[in-house]
Amino acid sequence: DAGVIQSPRHEVTEMGQEVTLRCKPISGHNSLFWYRQTMMRGLELLIYFNNNVPIDDSGMPEDRFSAKMPNASFSTLKIQPSEPRDSAVYFCASILGGGEPGELFFGEGSRLTVL
Amino acid sequence: AQSVAQPEDQVNVAEGNPLTVKCTYSVSGNPYLFWYVQYPNRGLQFLLKYITGDNLVKGSYGFEAEFNKSQTSFHLKKPSALVSDSALYFCAVRDRGAGNKLTFGGGTRVLVKP
């Protein structure tokens, strides 16, 4: 299995530009999570989906952030417009939910720098 | 609400010495508890989990953790640390009634010196 695949791995953009981060979860996993990691705030849960449906988006910082999961094999996290304080590493993770809790599998992350 | 505290930002240990990384948690019900490790420029990797049963859980790379319900703790341990264990370690908790939502602690950086 290829694991959770995220793209791009690195993104450098200017303030005000739209940023789209992409994630392909592990095939068969039915829950997907977006996390943000910064030195100041650590690892924060932004949003998670069960069976492509957003369950908890209370961690999404503000209206500039949006996430979609149009099907079981693809999700996007969009920031529009981007700001320097959005600079962080964004992780996508997936899990096979239900039954005994299994391990959460993380992608390698997308490092975003907003100038 | 569920939360995790890792009281130490960094732990320094000499190679060959025992390693302990502390974690305490708070949940409204019974917890599922996890440890993950992160190497530089990588995603988090699963180490071990506590679901039920034996309070001592053994995981990958010689790590183990002990669940202590009365102290609401789940400390990570390794009897003999290796330089290659140097990484960022995260404790995480999931309330059994909270769906799949996993809450992570702030992380503890472990530095093992030769």
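Shown above is the structure to which this text applies.
What counts, and where the lines are drawn
Residues numbered from 1 in each chain as written. Chains lettered and ligands numbered in written order. Predicted model: local features only at pLDDT ≥ 70, side-chain atom pairs only at ≥ 80, totals over all residues. Heavy atoms only, no water. Phe/Tyr/Trp six-rings, centres within 6.5 Å; stacked < 30°, edge-to-face > 60°. Buried < 20%, exposed > 50% of the residue type's maximum accessible area, 1.4 Å probe, protein only. Helix = DSSP H or I, 4+ residues; strand = E, 2+ residues; numbered from the N terminus. 1 Å grid on protein atoms, 1.4 Å probe; cavity = no way out; pocket = protein on both sides within 12 Å on 5 of 7 lines; lining within 4 Å. Points joined across faces, edges and corners; volume = space filled by probe spheres on them. Nonpolar A, V, L, I, M, F, W, Y, C, P; charged D, E, K, R; others polar. Pairing = 2+ DSSP bridges. Axes fitted to C-alpha atoms, helices over the stretch in contact; angles between N-to-C directions. Contact = heavy atoms within 4.5 Å. Buried area = accessible area lost by both parts, 1.4 Å probe. Salt bridge = Lys/Arg side-chain N within 4 Å of Asp/Glu carboxyl O. Polar contact = N/O pair within 3.5 Å; in protein donor to acceptor, adjacent residues only side chain to side chain.

1. A word on the packing of aromatic side chains
Residues and elements named next belong to chain B. According to the stated counting rule, one finds 14 aromatic pairs over all chains in the structure shown. Here the aromatic rings of Phe-34 and Tyr-36 are separated by 6.5 Å at their centres, their planes lie at 35 degrees, and the arrangement is tilted. Judged by relative accessible area, which is 1%, Phe-34 ranks as buried. Ring geometry for Tyr-50 versus Phe-67: centroids 4.2 Å apart, planes at 20 degrees, classification stacked. Linking Tyr-50 in strand 6 (residues 44-50) with Phe-67 in strand 8 (residues 64-68), this pair joins segments that are 17 residues apart in sequence.

2. What to know about empty space enclosed by the protein
By the definition in use, this model includes one cavity of 30 Å³ or more. There is about 50 Å³ of room inside the largest cavity. Around the largest cavity, the lining residues are Phe33(A), Ile95(A), Pro101(A), Gly102(A), Leu104(A), Phe34(B), Arg94(B), Asn100(B) and Leu102(B). In terms of residue class, the lining of the largest cavity is made up of six nonpolar, two polar and one charged.

3. Some details on the sheet that holds strand 8 (residues 74-79) of chain A
All names here are of chain A. Strand order in this open sheet of four strands is 1-3-8-7, and the pairing throughout is antiparallel. Looking at the sheet topology across the chains shown, the edges are occupied by strand 1 (5-7) and strand 7 (65-71). Each neighbouring strand pair of the sheet contributes to a mean axis angle of 15 degrees, computed without reference to strand direction. Across three bridges, strand 1 lies against strand 3 (residues 19-24) in antiparallel orientation. Residue pairing in the sheet places Gln-6 in a bridge with Cys-23 of strand 3.

4. Remarks on the side chain of Lys78(B)
All names here are of chain B. Along the polypeptide, Lys-78 turns up in strand 9 (residues 73-78). Accessibility expressed as a relative area gives 7% for Lys-78, which makes it buried. Setting aside its immediate chain neighbours within four residues, Lys-78 contacts Asn-17, Pro-18, Leu-19, Tyr-61, Gly-62, Phe-63 and Asp-85.

5. Let's talk about the interface of chain B and chain A
Listed by partner, the interface residues are 20 residues for chain B and 23 residues for chain A. Together chain B and chain A conceal approximately 1,700 Å² of surface at their shared face, both sides included; 51% is due to carbon and sulfur atoms. Of all residues in chain B, Leu44(B), Asn100(B) and Lys101(B) bury the most surface against chain A, accounting for 31% of the area lost on that side. On inspection of chain B and its partner chain A, the count reaches two salt bridges. Salt-bridge contacts for Arg42(B) lead to Glu108(A); the nearest nitrogen and oxygen are separated by 2.5 Å. Applying the counting rule to chain B against chain A returns six residue pairs in polar contact (both at pLDDT 80 or more). Those elements that provide at least two residues to the side of chain B that touches chain A are strand 5 (31-38), strand 6 and strand 10 (87-95) of chain B.

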